[in-house]
Amino acid sequence: MPKKAKKAIEIDENTEFKPSKEFSKNARVKSMAQYKRMHAESIDKPNVFWAREAKELKWQKKWDKVLDWKAPNAKWFSGAKLNVCENCVDRHVEEGRGNKAAIIWEGEPGDKRVITYRQLLRDVSRFANALIAEGIKPKDNVIIYMPMTPEATIAMLACARIGAVHSVVFGGFSAESIKDRLDDSEAVAVITCDGGWRRGGTVALKANVDEALKGNKTVKTVIVQKRVGNDVTMKKGRDKWWDDAIADMPGTHKPKGFNAEHPLFILYTSGSTGKPKGILHTAGGYMVGTYTTCKYIFDMKEDDVFWCTADVGWITGHSYITYGPLLNGVTQIMYEGAPNYPEWNRFWSIIEEYGVSIFYTAPTAIRAFIKAGDEHVDKHDLSSLRLLGTVGEPINPAAWLWYYEKIGGGRCPIVDTWWQTETGAVMISPLPGCTPIKPGTATLPFFGVDAAILDEEGNECKPDVPGKLVIRKPWPSMLRNIYKDKKRYKDTYWSDYPGVYTAGDGARKDKKGNIYIVGRLDDVLNVSGHRLGTAEVESSLVSHKTVAEAAVVGKPHEIKGESIVCFVTLKTGVKDTDALKKELRNHVGKVIGAIAKPDAIHFTPALPKTRSGKIMRRLLKELVKTGKVTGNVTTLEDSKVIDVLQKSMQAT
Ligand code: WTA
């Protein structure tokens, strides 16, 4: 008998997907009634709710108070002492998981390593001892600039273990970006690698660090992991190979308890100015937040094999590679390289080989896989998967459906998780065992999250009316500050409505309360899931000797989500050649990093400005999106500029 053709699923915005009975039965949260009960408790009695969750972790001294809140300053678990690293590593050895794989790592060239919890404890302890031997003390800042090797995670955990504050800089960022972060953080040490593998080639990380350290006065130590074996310069008295640094170090180290509000890390992220913000997270609350979100949203259990494809240079890699999965004692996969190296099936071959059960990736990657073709997926057995997740940007229904059917085989719920560097952990997401899922919505708030959509006056928007996404109550993994800048912290996040956190995203709720993220309200772009400030790109452009002025806007892009379009006015007498466009592109790459290289540059004799001299980005956005400007241009200082721009856009 011919096989019955599988009916294609047709979806519209009302189609709901429910987890199977089997999934719900085994899930940590099994029904909407249970979710509602727990959510109500987390909002009405946060002290009761969070104390119960926190008790599952190890505290060297218990807290006196769960929450101390004087907006916009929160103290969680005051009076408590704990060590986050001890919770990620030692606790599991004590509980009998010593020989369980903590990290299964695959390098891009195909080399493999399995690190058990016991080995991780030894490796982290030795490295912690090495950091101490280098004179690194609690609250010292340490920059980590590494590829995706287990040593990146070990370095982060070792910092946490000794109370030093790590600040990971994404390996794709340039020497100048490292320098900015070194200057702002006044770091005393840098941990890096000779290089990393990327699409068969190597990225020269140590050389970038050398460049960034020119003229630096605070860094005393640079520890270098040997990974690719390229030539590097080692500065005597400052630079040390990783293996030499740990050679004489004992493999044991007693984890000291630190205050719950002890700083854990600073992670720089883009905002609406040219200067990245150092988002500060602290130990106790962040630990509880990442632990709980993994437990409930990823439904993590003892036998799960979790794989988050992010880079440790981003918040997703912090919360869902280094901390959350290890706090839950699961086995996780870590992969060094590009998703399409040597072929587009690399991810699917890794899932098959290691039996990944929970897979967490970005919509931009999903769209790239769709374009690469189904044949790369078809040759792999993905039946070990039980749960899928997405993060970083809205997922379009077509990509959602492909992910659901082709990767999840129609049996895996998808958790579309909304959150930010600032929130530390997932804030809005389905719970996979109970929430009815609709493609394109992150659905409902997580426990302890009081999310609302407000209009300019601070009233809640009616269903389906977009407004500003806010969080009305503090949550454990919230940022505590912008490093050394309380004023900017308060102005950026807590000033639109008193005592309320403004996320910077536009959103709407449907009648059932499902939250749809519309996109950023500030001048922040989301390029392939990476956050990038238009002001950063603009200031890198004007730092070039030929550029007088620049305006940067995002243009919707099929795969990247958004692409970077620049309007550039050159200094008088400079010729607007294609060679100069190329030079400017490379210049931005050099100043910020390859991820910020513009997709298009348009030269223009002038930019559209208001009479008070403000660039009217709204018009530029409309222009790149539709090719013309229809909106109100009466406030323009010189309306002829628009005609010129329209013509120049049509010509390119
Ligand atoms: C966007 C990444 C829609 C959003 C974890 C947010 C999303 C910014 C989603 C934070 C999602 C993140 N749906 N948009 N599920 N998740 N975003 O700090 O605009 O790199 O403000 O943190 O990404 O980016 P960040």
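Thresholds applied
- Residues numbered from 1 in each chain as written.
- Predicted model: local features only at pLDDT ≥ 70, side-chain atom pairs only at ≥ 80, totals over all residues.
- Heavy atoms only, no water.
- Helix = DSSP H or I, 4+ residues; strand = E, 2+ residues; numbered from the N terminus.
- Rg over C-alpha atoms; globule rule 2.2 N^0.38 Å.
- Buried < 20%, exposed > 50% of the residue type's maximum accessible area, 1.4 Å probe, protein only.
- Contact = heavy atoms within 4.5 Å.
- Areas by Shrake-Rupley, 256 points an atom, 1.4 Å probe, with all protein chains shown as cover.
- Lys, Arg positive; Asp, Glu negative; His and termini not counted.
- Charge placed at Lys NZ, Arg CZ, Asp CG, Glu CD.
- pLDDT = per-residue confidence, 0-100.
- Core = buried A, V, L, I, M, F, W, Y, C linked by side-chain atoms within 4.5 Å.
- Near = heavy atom within 4 Å.
- Polar contact = N/O pair within 3.5 Å; in protein donor to acceptor, adjacent residues only side chain to side chain.
- Nonpolar A, V, L, I, M, F, W, Y, C, P; charged D, E, K, R; others polar.
- Pairing = 2+ DSSP bridges.
- Axes fitted to C-alpha atoms, helices over the stretch in contact; angles between N-to-C directions.
- Phe/Tyr/Trp six-rings, centres within 6.5 Å; stacked < 30°, edge-to-face > 60°.
- Salt bridge = Lys/Arg side-chain N within 4 Å of Asp/Glu carboxyl O.
- Domains from an automatic or database assignment.
- Parallel < 35°, antiparallel > 145°, perpendicular 65-115°, else oblique.

Digging into the overall build of the chain
In step 1: Across its full length, the chain carries 21 helices and 30 strands.
In step 2: Computed over its C-alpha atoms, the radius of gyration of the chain comes to 25 Å, within 12% of the 26 Å expected for a compact globule of 652 residues.
In step 3: For the chain, the spread of C-alpha atoms along the principal axes amounts to about 75 × 70 × 65 Å.
In step 4: Buried residues in the chain amount to 60% of all 652 residues.
In step 5: Nonlocal contacts in the chain, meaning residues at least 24 apart in sequence, comprise 71% of its contacts between residues at least 6 apart.
In step 6: On the chain, roughly 26,400 Å² of surface is accessible, and the fraction owed to carbon and sulfur atoms is 51%.
In step 7: Between the mean site of the 96 positive side-chain charges and the mean site of the 79 negative ones, the chain shows a separation of 3 Å.

Details of the confidence of the model for the chain
The predicted coordinates should not be examined in detail at positions where pLDDT is low.
In step 1: In the predicted model, the chain carries a mean pLDDT of 95, and the fraction of residues at 70 or more is 98%.
In step 2: Per-element confidence in the chain is highest for helix α4 (residues 84–88), whose mean pLDDT is 99, and lowest for helix α21 (residues 640–651), whose mean pLDDT is 80.
In step 3: The model gives residues 1–5 a pLDDT under 50, and that stretch makes zero contacts with residues more than four places away or in other chains.

Details of the nonpolar core
In step 1: Trp59, Phe77, Leu120, Phe127, Tyr320, Tyr323 and Val568 are the most contacted members of the largest nonpolar core, which totals 157 residues.
In step 2: Looking at this core element by element, the count peaks at nine residues for helix α7 (residues 150–162).
In step 3: Setting aside anything within four residues of it in sequence, one finds valine 568 in contact with Leu541, Val547, Glu549, Ala550, Leu584, Ile601, His602, Phe603 and Thr604.
In step 4: In terms of nonpolar packing, the next biggest core, distinct from the first, is built from 32 residues, Ile351, Ala399, Trp400 and Tyr404 among them.

A closer look at the site of the ligand
In step 1: In the vicinity of the ligand lie 17 residues, with Asp416, Thr417, Thr421, Asp505 and Arg531 positioned nearest.
In step 2: Between the ligand and glutamate 393 there is a distance of 3.4 Å, counted from a nitrogen atom to a backbone nitrogen or oxygen.
In step 3: Within the contact set of the ligand, an oxygen atom lies 2.6 Å away from a side-chain nitrogen or oxygen of threonine 421.
In step 4: For the ligand, whose accessible area on its own is 530 Å², the fraction buried by protein is 96%.
In step 5: For the shell around the ligand, the elements supplying multiple residues, two or more each, are α12 (315–327), β20 (414–417) and β25 (515–520).
In step 6: Looking at the shell around the ligand residue by residue, the classes come out as six nonpolar, six polar and five charged.

Some thoughts on the sheet that holds strand β22 (residues 467–471)
In step 1: Ordered by their spatial adjacency, four strands build an open sheet running β21-β22-β24-β25, and the pairing between neighbours is antiparallel. At either margin of the open sheet sits one strand with a lone partner, and together these are β21 (451–454) and β25. For this sheet, the mean inter-axis angle between neighbouring strands, taken without regard to orientation, is 45 degrees.
In step 2: Of the pairings in the sheet, the one linking β22 to strand β24 (residues 501–509) comprises four bridges and is antiparallel in character. Bridged to lysine 468 within β24 is glycine 506.

Examining the packing of aromatic side chains
In step 1: The tally for this structure, following the rule as stated, stands at 40 aromatic pairs.
In step 2: Pairing phenylalanine 127 with tryptophan 242 gives two aromatic rings, centres 3.8 Å apart and planes at 5 degrees, and the pair type is stacked. On the criterion of sequence distance, the pair formed by phenylalanine 127 in helix α6 (residues 117–133) and tryptophan 242 in helix α10 (residues 242–246) is long-range, its members being 115 residues apart.
In step 3: Accessibility expressed as a relative area gives 0% for phenylalanine 127, which makes it buried.

Concerning the pattern of salt bridges
In step 1: Summed over all chains, the structure comprises 52 salt bridges.
In step 2: A salt bridge links lysine 100 to glutamate 302, with the nearest nitrogen and oxygen atoms 2.6 Å apart. Here lysine 100 is found in the loop between α5 (90–94) and β4 (101–106), whereas its partner glutamate 302 is found in the loop between α11 (283–297) and β16 (305–308), with 202 residues between them in sequence.
In step 3: Residue class for lysine 100 comes out buried when judged on its relative accessible area of 17%.
In step 4: Taking the shortest distance from any N to any O, the salt bridge between arginine 346 and glutamate 106 comes out at 2.8 Å. With a gap of 240 residues between them, arginine 346 in helix α13 (residues 346–354) and glutamate 106 in strand β4 connect regions that are remote in the sequence. With respect to class, arginine 346 is no different from glutamate 106; both count as buried.
In step 5: Three or more residues joined by partner-sharing salt bridges are found here, namely Arg91, Glu95, Arg97, Lys100 and Glu302.

Let's talk about the domain arrangement of the chain
In step 1: Here the chain is partitioned into domain 1 (21–44 + 417–520), domain 2 (78–338) and domain 3 (524–651).
In step 2: The distance between the C-alpha centroids of domain 1 and domain 3 comes to 33 Å.

Describing α12
In step 1: Taking burial as the measure, the 13 residues of α12 include 13 buried ones, the bulk of the element.
In step 2: Once α12 ends, the next one or two residues include glycine 329, with phi positive near 65 degrees.

A word on unusual backbone geometry
In step 1: Residues alanine 71 and proline 72 are joined by a peptide bond in cis, for which omega reads 0 degrees.
In step 2: Counting through the fold element by element, proline 72 comes out in the loop between β1 (65–70) and β2 (73–78).
In step 3: With omega at -5 degrees, the peptide bond leading from tyrosine 341 into proline 342 counts as cis.
In step 4: Checked against the element boundaries, proline 342 lands in the loop between β17 (331–335) and α13.

Quick notes on the sheet that holds strand β29 (residues 561–570)
In step 1: Sheet architecture is open: three strands sit in the order β28-β29-β30, paired in mixed fashion. One side of each edge strand has no neighbouring strand; the edge strands of this open sheet are β28 (547–557) and β30 (600–603). Taking the axes of each pair of neighbouring strands and ignoring which way they run, one obtains an average angle of 25 degrees across the sheet.
In step 2: Contacts from helix α18 (residues 534–542) reach β28 and β29, with the element oriented near 145 degrees to β28.
In step 3: Set on the sheet, helix α20 (residues 617–626) makes contact with β28 and β29; between it and β28 the angle comes to about 50 degrees.

A short note on the environment of threonine 322
In step 1: One can find threonine 322 in helix α12.
In step 2: Along the sequence, threonine 322 and arginine 472 sit 150 residues apart, while their C-alpha atoms lie 28 Å from each other.

A look at the pairing of β2
In step 1: Bridge count for β1 against β2 is five bridges, and the pairing is antiparallel. Bridging across to β2, tryptophan 69 finds its partner in alanine 74.
In step 2: Counting the residues that bridge the hairpin from β1 to β2 gives two residues.

Overview of the packing of helix α14 (residues 363–372) against helix α16 (residues 397–407)
In step 1: α16 packs onto α14 with a crossing angle of 75 degrees between their chain directions and a minimal axis gap of 10 Å. Between α14 and α16, the angle falls in the class roughly perpendicular. Residue-level contacts link Ile366, Arg367, Phe369 and Ile370 of α14 to Ala399, Trp402 and Tyr403 of α16.

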